[in-house]
Amino acid sequence: MLLPDNFTFSQNNLQDYIDCKRRFLLRHIQKLEWPAIESEPVLDQEQLMLLGQQFHLMVQQKLSGIPEEIISQSTQSPELLAWWFEFVKLAPDALPGKKYCEAFYSIPIGAYRLVAKYDLLVIQEDGKATLYDWKTSHHAPKRSTMQQRMQTRVYPYLLAKLATSGSQFTQLDVEQLKMVYWYPDPAIQPIEFQYSSQQFEKDETFLNQLVAEIASLPEEAFTKTLYTEHKCKFCRYRTLCETGVIPGTFTDADPETEDTENLFDLDFDDLAAAD
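Definitions and cut-offs
Residues numbered from 1 in each chain as written. Predicted model: local features only at pLDDT ≥ 70, side-chain atom pairs only at ≥ 80, totals over all residues. Heavy atoms only, no water. Helix = DSSP H or I, 4+ residues; strand = E, 2+ residues; numbered from the N terminus. Buried < 20%, exposed > 50% of the residue type's maximum accessible area, 1.4 Å probe, protein only. Contact = heavy atoms within 4.5 Å. Areas by Shrake-Rupley, 256 points an atom, 1.4 Å probe, with all protein chains shown as cover. Polar contact = N/O pair within 3.5 Å; in protein donor to acceptor, adjacent residues only side chain to side chain.

Engineer: Would you mind showing me how to read the overall build of the protein here?
Structural biologist: Per the secondary structure count, the protein includes 11 helices and 8 strands. Residues counted as buried form 49% of the 275 residues belonging to the protein. The contacts of the protein with a sequence gap of at least 6 include a subset with a gap of at least 24, amounting to 68%. Summed over its atoms, the accessible surface of the protein is roughly 13400 Å², and 52% of this surface lies on carbon and sulfur atoms.

This is the structure we're talking about:
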């Protein structure tokens with residue numbers, strides 16, 4: 001067994017395992033830093049990461065009660081300000097119900113723990129609940145693409161598990177739980193997924209089996225993905241795995257079939273947790 005006893009699973013490392021077992025091993029077990037550039041041009045990637053971090057911070061400040069005019073003065077970026085004003089129109093702080101911003105939760109899964117960090121959770125008195133996740137990609141993938149992402153399964157599952165186990169949020173009705181990927185670009189419509197008790201049961205079986213599989217694998221079983229031409233060009237470990245030297249570019253990515261935040265390793269939940 002390679003996993004340490006205190007290993008924590010998340011939608012991010014589970015997605016890495018689904019995409020490439022070898023990547024999971026190198027990144028999350030061996031914690032290997034590898035200097036390969038993930039994508040070109042580097043400055044564009046860094047700028048997207050910076051804008052995403054700043055947007056998440058501005059949203060958190062707004063939901064913490066800091067006045068809008070003060071937050072607006074914190075940036076001179078035209079793109080970031082445009083995102084910000086779209087968020088102000090959404091007015092999530094005016095939504096009915098109790099709100100939990102940048103909320104971190106965990107549950108046991110097998111011998112380990114499963115964690116999730118929600119950008120915004122709103123729970124109403126009638127049991128209706130909405131999970132919001134802010135996405136700062138310039139293009140939205142197809143709904144079918146997002147439906148297959150581990151985040152779409154892990155986030156509502158963990159919340160429903162807390163509710164059904166009586167740990168927290170006991171007023172929550174799983175049949176009225178919804179997850180929303182919200183984009184500050186006004187040209188991109190939110191992508192919504194309605195949860196259900198039936199989906200909860202499917203996810204519980206799937207995630208427990210997945211964790212058990214990962215925990216049982218010997219090192220040699222963490223094999224490289226077969227989809228090397230597409231997956232590896234955006235991976236920091238491609239030179240180590242001898243699957244390519246030249247990084248992929250933003251124009252190489254297909255926004256309809258990829259969540260580009262994940263593709264370019266822009267996980268703002270992980271970044272916030274590391275701060």
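Engineer: Looking at this model, I keep getting lost on the environment of Lys161. Mind explaining?
Structural biologist: Among the structural elements, Lys161 can be located in helix α7 (residues 150–164). Overall, Lys161 belongs to the partly exposed group, its relative accessible area being 26%. In this structure, the C-alpha to C-alpha distance between Lys161 and Ile107, residues 54 residues apart in sequence, is 7.8 Å. Sequence-distant contacts of Lys161, defined by excluding residues within four places in its chain, comprise Ile107, Phe200 and Glu204.

Engineer: Just checking my understanding: could you explain the environment of Glu175 for this structure?
Structural biologist: Following the sequence through the fold, Glu175 ends up in the loop between α7 and β6 (177–182). Expressed as a C-alpha distance, the spacing of Glu175 and Tyr195, which sit 20 residues apart in the sequence, is 6.1 Å. Within the structure, the side chain of Glu175 is placed 2.7 Å from the side chain of Ser197, a separation counted as a polar contact.

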